[in-house]
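Descriptive structure summary
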Amino acid sequence: MHVMPQGTVYGTLLNFRGEVAALAALMDQPPYKAAPQAPVLYVKPANTWSAHGTTIPVPARVPEVEIGATIAMVMGQAGAVAAYVLLNDLSIPHASFFRPPVKFKCLDGFLGIGNRQVTPAEVGEPAQFTLEVRINGVLKQSVHFGNLVRNASQLLADVSEFMTLHPGDVLMLGCDVGRPLAKVGDRIDISAPGFGTLSNTLVAEEVKS
């Protein structure tokens with residue numbers, strides 16, 4: 001069964017300590033000259049959503065795709081977290097982390113969505129979450145959510161200070177550094193204990209006549 005989001009999907013940048021450390025020198029440069037004080041968010045609109053087990057088209061102009069393996073909060077009533085879900089936040093590799101570029105992050109199909117939403121009671125504290133990324137069966141990345149800058153509850157509280165999250169909205173916890181690259185023909189598997197596996201295969205985009 002494919003479980004698609006019922007609201008808006010928000011990505012979160014700079015929420016892993018390793019990611020912040022890797023970009024610290026850039027943050028001190030103009031025009032910002034400091035690290036962001038609030039969460040840095042972007043939107044993955046409905047055209048990007050791909051169900052578990054489906055293929056994801058990659059344009060011919062894109063030689064490699066960056067994998068953004070993460071776990072996201074699915075909002076319930078009264079600002080509470082109803083569930084968590086595996087996501088594969090794909091993008092074209094780019095250097096602009098401060099103003100997330102739509103043309104690199106919002107291509108058709110560029111968000112793989114796990115087919116199982118698990119409740120907080122089922123999987124416990126998000127700081128204990130770990131996930132693994134495999135390309136064609138080979139382990140390429142391990143992500144430990146104990147390394148978040150803002151843990152799940154703090155991220156939700158900080159985001160809620162400047163915007164309302166409605167039931168069905170989805171908020172990613174963030175993607176760590178060391179994001180693997182994949183190409184057409186590759187199968188991407190993202191797995192986490194209690195969540196199962198999210199699998200998608202990259203295929204060449206059909207040329208429109």
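All of the points below concern the structure found in this document.

Calculation notes
- Residues numbered from 1 in each chain as written.
- Predicted model: local features only at pLDDT ≥ 70, side-chain atom pairs only at ≥ 80, totals over all residues.
- Heavy atoms only, no water.
- Pairing = 2+ DSSP bridges.
- Helix = DSSP H or I, 4+ residues; strand = E, 2+ residues; numbered from the N terminus.
- Axes fitted to C-alpha atoms, helices over the stretch in contact; angles between N-to-C directions.
- Core = buried A, V, L, I, M, F, W, Y, C linked by side-chain atoms within 4.5 Å.
- Buried < 20%, exposed > 50% of the residue type's maximum accessible area, 1.4 Å probe, protein only.
- Contact = heavy atoms within 4.5 Å.

This part covers the sheet that holds strand E2 (residues 40-43). Read across the sheet, 7 strands follow the order E2-E1-E11-E6-E7-E8-E3 without closing on themselves; strand pairing throughout is mixed. Two strands lie at the open edges of the sheet, namely E2 and strand E3 (49-51), each paired on one side alone. On average, each strand axis in the sheet is tilted by 35 degrees relative to the strand beside it, whichever way the strands run. Here strand E7 (residues 81-89) pairs with strand E8 (residues 111-113) via 3 bridges, running antiparallel. If you follow Leu87 over to E8, its bridge partner there is Ile113.

Let us now look at the sheet that holds strand E10 (residues 138-144). Read across the open sheet, the 5 strands follow the order E4-E14-E13-E9-E10; overall the sheet is mixed. Looking at which strands have only one partner, the edges of the open sheet turn out to be strand E4 (55-58) and E10. Averaged over all adjacent pairs, the angle separating strand axes in this sheet is 20 degrees, with direction ignored. Pairing of strand E13 (residues 187-192) with strand E14 (residues 196-204), which is carried by 6 bridges, proceeds in the antiparallel orientation. In the sheet register, Ser191 faces E14, and the bridge partner there is Thr197.

Moving on: the nonpolar core. Core analysis: the largest hydrophobic core is formed by 41 residues, its most contacted members being Ile71, Leu131, Phe145, Leu173, Ile190 and Phe195. Among the elements of the structure, E4, strand E6 (69-75), E7, strand E9 (130-135), helix H4 (152-160), E13 and E14 are those that each provide at least two residues to this core. Beyond its immediate sequence surroundings of up to four residues, Phe145 is in contact with Phe16, Thr70, Ile71, Pro126, Ala127, Phe129, Thr130, Leu131, Leu173 and Gly174. Counting residues in hydrophobic clusters, the runner-up holds 14 residues, among them Leu14, Val40, Ala72 and Leu87.

So far we have only geometry, and geometry alone does not tell us how the molecule works.
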